[in-house]
Amino acid sequence: MPPILGYMFDLATTKVHDEKRQGEAYAPFEKDPNTFSRRFYIESYGCQMNFSDSEIVASILTAEGFGATRNFQEADLILLNTCSIREKAEQTVRKRLTEFRKLKKGRPSTLIGVLGCMAERLKAKFLEEEKLVDLVVGPDAYRTLPQLITEADSGQKGVNVLLSRDETYADISPVRLNSNGITAFVSIMRGCNNMCSFCVVPFTRGRERSRDAQSIVRECQELFDSGYKEVTLLGQNVDSYYFVPEAGGKPVTFASLMEMVALISPLLRVRFSTSHPKDITDEVLFTMAKYENICKYIHLPLQSGSTRVLQLMNRSYTREWYMAKVDRIREILPGCGISSDVIAGFCTETQEDHRHTLDVMEYAQYDMSYMFFYSERPGTLAQRRYKDDIPEEVKKRRLQEIVELQGKLSHQSNKKDVDKTFTVLIEADSKKTDKDWMGRSSQNKVVVFPKGNRNHKPGDYVQVKVTDCTQATLLGELV
Ligand code: SAM
Ligand code: SF4
């Protein structure tokens with residue numbers, strides 16, 4: 001099986017799968033004056049859902065009296081929140097576990113745990129065969145962590161990889177880890193029912209379920225009250241959000257949920273990630289159009305531009321249908337940013353299928369894309385039904401062409417913004433200098449501009465005129 005390369009173009013947008021954050025360690029309470037009897041270290045891999053889950057885990061551990069550390073050498077509990085989406089992600093985690101294992105030799109009381117998507121798939125291997133870990137906890141079992149830690153303390157193996165049909169952690173207020181204090185992710189649903197044939201998510205994260213709408217609105221309100229200015233509503237397929245209140249009343253759709261959050265305050269920006277093209281309805285698009293504070297940006301993963309391949313992928317749309325959806329977005333939301341996920345070299349993909357992918361990318365004029373080559377995942381429909389028959393060098397060449405095309409499209413899209421003025425939410429100092437601010441437009445483009453002698457601060461909305469651009473960034477000046 002060939003290793004997967006994940007290329008990303010815009011390195012600074014809201015990430016679905018942020019290569020730069022892979023393996024990030026959190027220590028939200030480093031400056032906490034309280035002393036904790038035990039310390040935990042947590043490292044996260046994979047998509048934003050996993051990073052958000054780490055915040056739930058941190059919240060559960062804090063309630064148990066654990067304090068966080070960014071130095072695994074001093075941790076009593078080392079946790080890895082893992083990803084199975086591509087083979088490379090799994091290899092990275094395995095390497096890391098071997099390093100932690102060495103540390104445990106010198107400090108046997110240290111517990112090592114694997115959380116998240118690799119848990120179910122590799123529990124027997126990690127626990128019994130390779131004896132790499134003491135705890136294995138699946139994405140729906142984090143509430144049981146305290147008991148599992150007690151079991152592991154007494155020398156037993158703490159395992160719970162049961163998937164649930166109703167766990168949404170609705171009542172747990174996540175501890176915001178490594179936050180800039182301005183933008184936050186709010187999980188609105190878990191799991192996925194879509195069964196795209198290449199994807200392992202339905203197996204590792206279970207059936208789709210929507211979180212109580214009131215608890216989402218409450219969390220967003222609390223974030224706004226504590227100074228946050230932007231929330232991203234998070235799920236594998238947010239447009240199929242559907243919550244039926246227990247007490248009766250009207251079911252809440254994704255469009256109505258977005259509206260409820262948008263109404264918290266015009267000063268709170270609302271984003272969402274990710275949408276399956278089949279579910280993004282006119283109702284969603286009109287709701288986006290109605291509220292200024294719902295950001296005009298849609299991540300609309302294409303995967304392939306060939307109808308034949310899309311059918312094998314079980315994506316339930318055709319190339320023409322997808323293109324018509326792009327037209328509809330542009331009609332209802334002129335100027336809306338659109339980004340995509342693209343997979344090169346799926347089973348049986350011909351040069352002509354690949355050409356179709358490039359064509360649809362040109363048609364859609366994506367502002368940015370996450371681009372991968374196909375990595376066969378055990379247990380998926382594609383692994384059971386089809387042969388992973390595209391040679392690695394062909395996958396790589398096609399991916400390279402996709403990456404190059406996206407580079408061109410991103411640059412074109414940014415050039416079109418030169419001389420325009422955008423409302424930008426300031427997030428932080430720019431990475432290069434503290435003399436510049438970095439923020440984002442509604443379309444999710446990163447904008448960098450000099451602070452000048454004005455007293456702005458992160459969280460302020462400012463008007464910025466774009467004067468220049470690179471492939472990944474708009475450069476501008478305060479108006
Ligand atoms: N639920 C989201 C959706 O449908 O857009 C995305 C979930 S997945 C974490 C993110 C992306 O990883 C997918 O859109 C797909 O492009 C890519 N991906 C998933 N499985 C893959 C595989 N086996 N090989 C290569 N890329 C894959
Ligand atoms: Fe995977 Fe498809 Fe679900 Fe996205 S929608 S998580 S690609 S099965």
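Preceding this section is the structure that the text describes.
Below, the structure is looked at part by part.

### A short note on the packing of helix 11 (residues 351–364) against helix 13 (residues 392–417)
Turning to step 1, where the next piece is worked out: In the contact formed by helix 11 and helix 13, the axes pass within 10 Å of each other and the chain directions differ by 15°. On the basis of their axis angle, the class for helix 11 and helix 13 is roughly parallel. As for how helix 11 packs across helix 13, the hand of that crossing is right-handed. Contacts between helix 11 and helix 13 involve Q351, H354, T357, L358, M361 and E362 from the first element and R397, R398, E401, I402, L405, Q406, K408 and L409 from the second.
Turning to step 2, where the next piece is worked out: Its residues placed into classes, the contact of helix 11 with helix 13 shows 5 nonpolar, 4 polar and 5 charged.

### Section: the site of ligand 1
Turning to step 1, where the next piece is worked out: Near ligand 1 you find 15 residues, and of these Q236, P301, Q303, D341 and S375 are the closest.
Turning to step 2, where the next piece is worked out: Taking F198, its main chain carries an N or O atom lying 3.0 Å from a nitrogen atom of ligand 1.
Turning to step 3, where the next piece is worked out: Between ligand 1 and Q236, the relevant distance is 2.7 Å, taken from a nitrogen atom to a main-chain nitrogen or oxygen of the residue.
Turning to step 4, where the next piece is worked out: Considered on its own, ligand 1 offers 570 Å² of accessible surface; in the complex 96% of this is hidden by protein.
Turning to step 5, where the next piece is worked out: When the residues that make up the shell around ligand 1 are grouped by side-chain class, the tally is 7 nonpolar, 4 polar and 4 charged.

### Looking at the nonpolar core
Turning to step 1, where the next piece is worked out: Residues L233, Y241, F254 and I298 are the most contacted members of the largest nonpolar core, which totals 60 residues.
Turning to step 2, where the next piece is worked out: What Y241 contacts, discounting residues up to four positions off in sequence, is I188, M189, S210, R211, D212, A213, I216, V252, T253, F254 and L257.

### A short note on the side chain of T168
Turning to step 1, where the next piece is worked out: Structurally, T168 can be placed in the loop between strand 8 (158–160) and strand 9 (183–187).
Turning to step 2, where the next piece is worked out: Judged by relative accessible area, T168 falls into the buried class, the value being 12%.

### Topic: the site of ligand 2
Turning to step 1, where the next piece is worked out: Near ligand 2 the following residues occur: C192, N194, M195, C196, F198, C199, V201, P202, Q236, H276 and R315.
Turning to step 2, where the next piece is worked out: Counted by class, the shell around ligand 2 contains 7 nonpolar, 3 polar and 1 charged residues.

### Some details on the environment of F449
Turning to step 1, where the next piece is worked out: On the secondary structure map, F449 appears in strand 21 (residues 446–450).
Turning to step 2, where the next piece is worked out: In this structure, the C-alpha to C-alpha distance between F449 and E477, residues 28 residues apart in sequence, is 5.2 Å.
Turning to step 3, where the next piece is worked out: Ignoring sequence-local partners within four residues, the contact set of F449 consists of V424, I426, D436, W437, V462, V464, G476, E477 and L478.

### Notes on the side chain of R96
Turning to step 1, where the next piece is worked out: Within the secondary structure layout, R96 lies in helix 2 (residues 87–106).
Turning to step 2, where the next piece is worked out: Looking at R96, its side chain comes within polar contact range of the side chain of E43, at 2.8 Å.
Turning to step 3, where the next piece is worked out: Contact partners of R96, with chain neighbours within four places excluded, come to Y41, E43, Y45, F72 and L80.

### Structural notes on helix 2
Turning to step 1, where the next piece is worked out: Here helix 2 spans 31 Å end to end across 20 residues, near enough to the 28 Å set by a 1.5 Å rise per residue.
Turning to step 2, where the next piece is worked out: Among the residues making up helix 2, those that are buried are E87, A89, E90, V93, R96, L97, F100, L103 and K104.
Turning to step 3, where the next piece is worked out: Against the buried residues of helix 2 lie strand 3 (38–44), strand 5 (77–82), strand 6 (111–116) and helix 3 (118–129).

### Some points on the state of the cysteines
Turning to step 1, where the next piece is worked out: Under the defined criterion, the tally for this structure stands at 0 disulfides.
Turning to step 2, where the next piece is worked out: Distance from the sulfur of C83, which forms no disulfide, to the nearest cysteine sulfur (C117) is 6.2 Å.
Turning to step 3, where the next piece is worked out: Note on C83: relative accessible area 5%, which makes it buried.

### Remarks on the sheet that holds strand 23 (residues 473–478)
Turning to step 1, where the next piece is worked out: Judged by pairing direction, the barrel is mixed, and its 5 strands sit side by side in the order 19-20-21-23-22 before closing back on the first. Put simply, the sheet's adjacent strands are angled 55° from each other on average, direction ignored.
Turning to step 2, where the next piece is worked out: Each of strand 19 (421–429), strand 22 (461–469) and strand 23 touches helix 13; the most contacted strand, strand 22, lies at about 120° to it.

### Some remarks on the pattern of salt bridges
Turning to step 1, where the next piece is worked out: Counted according to the given criterion, the structure contains 38 salt bridges.
Turning to step 2, where the next piece is worked out: Notably, a salt bridge pairs K445 with D367, separated by 3.8 Å at the nearest N-O pair. With a gap of 78 residues between them, K445 in the loop between strand 20 (436–440) and strand 21 and D367 in the loop between helix 11 and strand 18 (368–373) connect regions that are remote in the sequence.
Turning to step 3, where the next piece is worked out: Here K445 falls in the buried class, since its relative accessible area comes to 8%.
Turning to step 4, where the next piece is worked out: Residue D367 is classed as buried on the basis of its relative accessible area, which comes to 17%.

### Let's talk about the packing of helix 10 (residues 319–332) against helix 11
Turning to step 1, where the next piece is worked out: Viewed as axis vectors pointing N to C, helix 10 and helix 11 meet at an angle of 10°, and their least axial separation amounts to 10 Å. Relative to helix 11, helix 10 is oriented roughly parallel. Seen from helix 10, the contacting residues are R319, Y322, M323, V326, D327 and R330; seen from helix 11, they are H356, D359, V360, Y363 and A364.

### Topic: the environment of L77
Turning to step 1, where the next piece is worked out: With respect to the element layout, L77 can be found in strand 5.
Turning to step 2, where the next piece is worked out: Separated by 206 residues in sequence, L77 and E283 place their C-alpha atoms 46 Å apart.
Turning to step 3, where the next piece is worked out: Leave out the neighbours within four places in its chain, and L77 touches R39, F40, Y41, L61, F66, L111, L135 and I149.

Cut-offs applied
In this convention, every chain numbers its residues from 1, walking through the sequence in written order. The naming scheme follows written order: chains are lettered A onward, ligands numbered 1 onward. With pLDDT at 70 or above as the cut-off, local features in this predicted model cover only qualifying residues; side-chain atom pairs require 80 or more to be listed or tallied, and sums for whole chains, interfaces and linings still use all residues. No hydrogens and no water enter the side-chain calculation; it runs on all heavy atoms of the structure. Only the contacting stretch of a helix is used when fitting its axis, a line to C-alpha atoms as for every element, and angles between N-to-C directions run 0 to 180 degrees. The helix and strand labels rest on DSSP assignments: H or I over at least four residues marks a helix, E over at least two residues marks a strand, and numbering proceeds from the N terminus. Each angle receives one of four descriptions, namely roughly parallel if under 35 degrees, roughly antiparallel if over 145, roughly perpendicular if within 65 to 115, and oblique otherwise. Left-handed describes a crossing in which the near helix is turned anticlockwise from the far one by less than a right angle; the clockwise case is right-handed. The criterion used for residue contact is that any of the two residues' heavy atoms lie within 4.5 Å. Throughout, the ten residues Ala, Val, Leu, Ile, Met, Phe, Trp, Tyr, Cys and Pro are labelled nonpolar, Asp, Glu, Lys and Arg are labelled charged, and all others, Gly among them, are labelled polar. Summary of the distance rule: residues count as near a molecule or strand when at least one heavy atom falls within 4 Å of that molecule or strand. What qualifies as a polar contact is a pair of N or O atoms within 3.5 Å, subject to a donor-acceptor requirement within protein and to the restriction that residues adjacent in sequence count only when both atoms come from side chains. Per-residue and other accessible areas follow the Shrake-Rupley method at a 1.4 Å probe size, with only the shown protein chains counted as cover for residues. Among the buried residues, those of types Ala, Val, Leu, Ile, Met, Phe, Trp, Tyr and Cys that are joined through side-chain atoms within 4.5 Å form a nonpolar core. Type-normalised accessible area, obtained with a 1.4 Å probe on protein chains alone, sets the label of each residue: buried when under 20%, exposed when over 50%, and partly exposed for intermediate values. Helix span, as expected, comes to 1.5 Å for every residue beyond the first. In what follows, a disulfide is any cysteine sulfur pair within 2.5 Å. A strand pair is defined by DSSP finding two or more bridges across the two strands. For this document, the term salt bridge refers to a Lys or Arg side-chain nitrogen within 4 Å of an Asp or Glu carboxyl oxygen.

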